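Structural characterization, general
Spelled out from the first residue to the last, the chains are:
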Amino acid sequence: NRKSNISIKKSLGGQVYLIGVERFLRGFEIQFKKKISQSVERSFKLFFGGAEDIISIIDNAKLENIKDETKKKIKNYEKRKNRVTWSTLREYDLELTNTLIKWFKQNIEDIFLFCFQRGLSKNKVEWADFIWYKNELKENKFDFIFNITKISKKISNDSFKEMIEPGQTRGGTTIKLPFGFVQWHQGQIQFHHNLDLIKKI
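Only a predicted model underlies this, so the values are computations on that prediction, with no experimental measurement involved.

The next subject is the environment of Lys150. Position of Lys150 among the secondary structure elements: in helix α8 (residues 148-154). Accessibility expressed as a relative area gives 58% for Lys150, which makes it exposed. Note: C-alpha distance between Lys150 and Ile201 (51 residues apart in sequence) is 9.6 Å.

Below, the discussion takes up the sheet that holds strand β5 (residues 165-166). Pairing is antiparallel in the open sheet, where five strands are placed in the order β2-β8-β7-β6-β5. Single-partner strands in this sheet number two, and they are β2 (13-20) and β5. Here strand β6 (residues 174-177) pairs with strand β7 (residues 180-185) via four bridges, running antiparallel. The residue of β7 that forms the bridge with Lys176 is Phe181. Where helix α1 (residues 21-32) meets the sheet, its contacts fall on β2 and β8 (188-194), and the angle it forms with β2 comes to roughly 85 degrees.

The backbone of Lys33 shows a phi angle near 55 degrees, a positive value even though the residue is not glycine. Position of Lys33 among the secondary structure elements: in the loop between α1 and α2 (38-47). The phi dihedral of Gln186 is positive, around 50 degrees, even though this residue is not glycine. Examined against the element boundaries, Gln186 turns out to sit in the loop between β7 and β8.

Before going further, it helps to spend a moment on the nonpolar core. Within the largest apolar cluster, 52 residues are counted, with the highest numbers of intra-cluster contacts made by Phe24, Phe44, Phe104, Ile175, Phe179 and Phe191. Take this core: its biggest share by element is seven residues, from helix α7 (residues 108-118). Once residues within four sequence positions are removed from consideration, Phe104 is found in contact with Phe44, Ile111, Ile164, Ile175, Leu177, Val182 and Phe191.

In this structure the tally under the stated criterion is 16 salt bridges. One salt bridge in this structure joins Glu22 and Arg26, with 2.6 Å as the shortest N-O distance. Taken as a pair, Glu22 and Arg26 lie in helix α1 at a separation of four residues, close to a single helical turn. With a relative accessible area of 37%, Glu22 lands in the partly exposed category.

The next thing to look at is the sheet that holds strand β1 (residues 6-9). Pairing in this open sheet of three strands is mixed, and the strands run β1-β3-β4 from one edge to the other. What marks the edges here is a single partner per strand, and that holds for β1 and β4 (142-147). The sheet shows a mean angle of 15 degrees between the axes of neighbouring strands, taken without regard to direction. In terms of strand pairing, β1 meets strand β3 (residues 130-135) through four bridges, oriented parallel.

Thresholds applied
Residues numbered from 1 in each chain as written. Predicted model: local features only at pLDDT ≥ 70, side-chain atom pairs only at ≥ 80, totals over all residues. Heavy atoms only, no water. Helix = DSSP H or I, 4+ residues; strand = E, 2+ residues; numbered from the N terminus. Buried < 20%, exposed > 50% of the residue type's maximum accessible area, 1.4 Å probe, protein only. Pairing = 2+ DSSP bridges. Contact = heavy atoms within 4.5 Å. Axes fitted to C-alpha atoms, helices over the stretch in contact; angles between N-to-C directions. Core = buried A, V, L, I, M, F, W, Y, C linked by side-chain atoms within 4.5 Å. Salt bridge = Lys/Arg side-chain N within 4 Å of Asp/Glu carboxyl O.

What follows is the structure, given as C-alpha cells:
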C-alpha cells in the first residue's frame, strides 16, 4: 500500500548520472549536509575541468617515464578537454590525487545514493527505491531488481572501497568505482553503472 519509485536500466551498463562540476559539488553539499574541502574541490576542478590554470599545469608537466609519443597524446587530450589526466595531477600535486581518492572512498555510499536515488531532488517522494535491470530482447534478456538503500549500505564496506582507484589508460582519465566508473564527458562529470558489479555488491 505504498508508492515505489523505480530506476529502470535497459542495458547492462552505461550512463547513470551526468552533471556539471560546480552543480555536483554544491548539490552534494546540500543533499547530504556535508562541506567539501577546498583541496577536494580543487582536485575535482583539475581532473574534471573548471580550474583556471589548467593549461599552464599541462604545459609544465614533464610526465617522466612516459614515452614521448604517449606524452604528446596525453597533453593533446588534456588541452582539448580542458582537464588534466591522473598522471599530470599526480605529478602536479601528489597530495591532491590522494585527497580525491580518499574523498571518493569516504563518501561512496552518498555518491551511490546521489547517482541512483536522489540526484538534485530535495523531495523524498521523488527519490528512487529500486534499480530494475529489465530487457525483453531475446538476444539480451535480463531481469534483476535491487534495493537502492541496501546496496548503499553494503557499498561502504572496505572490500568495495578498495575498488576505488584511477584508471590506467591514456594517463588515467577515469576513476573506477564499485558500481562502475566516473569520467569527464563534454565538460561534465559522467557516472557509469555496471550490472555485473552491482550484482557482486
